[in-house]
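Below, each chain spelled out in residue letters.
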Amino acid sequence: IVCDASSRNLLRNGQFPHRVMGTALFEVGEILGSRGNVGSKSLQTGGAVYAHIERCREDGQTGTFRFQLVARMLKNTQTLGRTSSPFFELLRKVDRPTGATWIKVYQSNVCRSDLSPVWKDATLDLEAVCNGDLERAMKIIIWDHRRSGKHKHMGEFETTINGLLNAKELEDVNGEIVTFSVNKHEKSVGSCEVMKATIIGGKSGGEK
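Note that the structure is predicted; figures quoted are calculated from it, not measured.

Novice: Got a sec to walk through helix 4 (residues 161-174)? Specific residues and values, please.
Specialist: Helix length check: helix 4, at 14 residues, gives a terminal C-alpha distance of 20 Å against a target of 20 Å (1.5 Å per residue), a fit within 8%. Among the residues making up helix 4, those that are buried are Ile 161, Asn 162, Gly 163, Leu 164, Leu 165, Ala 167 and Lys 168. Looking at the buried positions of helix 4, the neighbouring elements they touch are strand 5 (64-72), helix 3 (126-130), strand 9 (138-144), strand 10 (152-159), strand 11 (179-184) and strand 12 (187-200). The positive-phi residue at the C-terminal boundary of helix 4 is Gly 175, with phi of around 75°.

Listed below in structure tokens is the structure:
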């Protein structure tokens, strides 16, 4: 079901908070049998919805991934004496016949008026995050939250789940703090560090 988020005025008037724009019904087998495992359906009101399905890796890492990030000295994107309120998105890379794309798998909390934000930790299912592939390309994009929903891009960097795990391990074992450069238009606009990164439960590929 595709909905249009309604305004606060509609909520105040007691109306249904979301307007239905259309519905689409997909069959898993139909999508898995299509080119690139991508299916599409037209909506009654116009437009289309695309669905992508990925098979679970039999040799992948299972369990949950717990992590926490902190940014340092981000470049302020606000004006008139105001300070940015950063949050980040975690995306995984998906290869399709039409080319690679990035799919969001997690969104952090917003840290109000803070250019060195310490975001809350999160626990995510590894299959949902990277399909059990710890070397899968991941991207972290930092945004300045705007009430209008038109969030301002602050910067980003690419890594892997193993990259985050190894960064924390180096700090724990050698006391070496690994920083990821946050870049925008190929220029550094701050850095990011890993406060927590561990895999809980599950098993590695090939284990029984």
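Novice: Now, about the pattern of salt bridges: what can you tell me, with residues and values included?
Specialist: Where side chains of opposite charge bring their charged atoms close, a pairing between them can arise. As enumerated under the stated definition, the model contains 9 salt bridges in all. Among the ionic pairs, Glu 89 bridges to Lys 104, the shortest N-O distance being 3.5 Å. Linking Glu 89 in strand 6 (residues 86-96) with Lys 104 in strand 7 (residues 99-107), this pair joins segments that are 15 residues apart in sequence. Notably, a salt bridge pairs Asp 144 with Arg 146, separated by 3.1 Å at the nearest N-O pair.

Novice: Break down unusual backbone geometry for me, citing the residues and quoting the values.
Specialist: Despite not being glycine, Asn 131 shows a phi value in the positive range, around 55°. Turning to its location among the elements, Asn 131 is positioned in the loop between helix 3 and strand 9. Looking at Asn 131, the relative accessible area reads 5%, which means it is buried. Located in the positive-phi region is His 185, a residue other than glycine, with phi close to 55°. With respect to the helices, strands and loops of the structure, His 185 is situated in the loop between strand 11 and strand 12.

Novice: I'd like to hear about the packing of aromatic side chains, residue by residue, with values.
Specialist: Applying the stated rule across the entire model yields 6 aromatic pairs. Ring plane angle 55° and centroid distance 5.9 Å describe the contact between Phe 88 and Tyr 106, whose orientation is recorded as tilted. Of this pair, Phe 88 sits in strand 6 while Tyr 106 sits in strand 7, placing them 18 residues apart in sequence. Each member of the pair, Phe 88 together with Tyr 106, is buried. Both rings, one in Phe 157 and one in Phe 180, keep their centres 5.1 Å apart while their planes meet at 15°; by these two values the pair is stacked. Here Phe 180 lies in strand 11 and Phe 157 lies in strand 10, a separation of 23 residues in the sequence. Judged by its relative accessible area of 14%, Phe 180 falls in the buried class. Here the aromatic residues Phe 65, Phe 67, Phe 88, Tyr 106 and Trp 119 are joined through ring pairs into a cluster of three or more.

Novice: Give a description of the layout of surface pockets that names residues and reports values.
Specialist: The calculated volume of the largest pocket comes to roughly 170 Å³. Gln 78, Arg 82, Thr 83, Ser 85, Arg 112, Ser 113, His 145, Arg 146 and Arg 147 together form the lining of the largest pocket. Looking at the lining of the largest pocket, its residues break down into no nonpolar, 5 polar and 4 charged.

Novice: For the nonpolar core, give the residues involved together with the corresponding values.
Specialist: In terms of nonpolar packing, the biggest core is built from 31 residues, with Phe 65, Phe 67, Leu 69, Phe 88, Leu 90 and Ile 161 touching the most fellow members. The residues touching Leu 69, leaving out its near neighbours within four places in the chain, are Phe 88, Pro 117, Val 118, Trp 119, Ile 140, Leu 164, Cys 192, Glu 193 and Val 194.

Novice: Which residues make up the side chain of Ser 191, and what are the values?
Specialist: Residue position: Ser 191 is located in strand 12. Among residues more than four places away in sequence, those in contact with Ser 191 are Val 70, Ala 71, Arg 72, Thr 179, Phe 180 and Val 182.

Novice: Report on the pairing of strand 9, specifying residues and quantitative values.
Specialist: The buried fraction of strand 9 is high, at 6 of 7 residues. As paired elements, strand 6 and strand 9 share 7 bridges and run antiparallel to each other. Bridging from a neighbouring strand, Pro 86 pairs with Asp 144 of strand 9. Inspection of the sheet shows strand 9 paired to strand 10 by 7 bridges, in the antiparallel sense. Residue pairing across strands places Ile 142 opposite Gly 155, the latter belonging to strand 10.

Analysis parameters
Residues numbered from 1 in each chain as written. Predicted model: local features only at pLDDT ≥ 70, side-chain atom pairs only at ≥ 80, totals over all residues. Heavy atoms only, no water. Helix = DSSP H or I, 4+ residues; strand = E, 2+ residues; numbered from the N terminus. Expected span 1.5 Å × (residues − 1). Buried < 20%, exposed > 50% of the residue type's maximum accessible area, 1.4 Å probe, protein only. Contact = heavy atoms within 4.5 Å. Salt bridge = Lys/Arg side-chain N within 4 Å of Asp/Glu carboxyl O. Phe/Tyr/Trp six-rings, centres within 6.5 Å; stacked < 30°, edge-to-face > 60°. 1 Å grid on protein atoms, 1.4 Å probe; cavity = no way out; pocket = protein on both sides within 12 Å on 5 of 7 lines; lining within 4 Å. Points joined across faces, edges and corners; volume = space filled by probe spheres on them. Nonpolar A, V, L, I, M, F, W, Y, C, P; charged D, E, K, R; others polar. Core = buried A, V, L, I, M, F, W, Y, C linked by side-chain atoms within 4.5 Å. Pairing = 2+ DSSP bridges.

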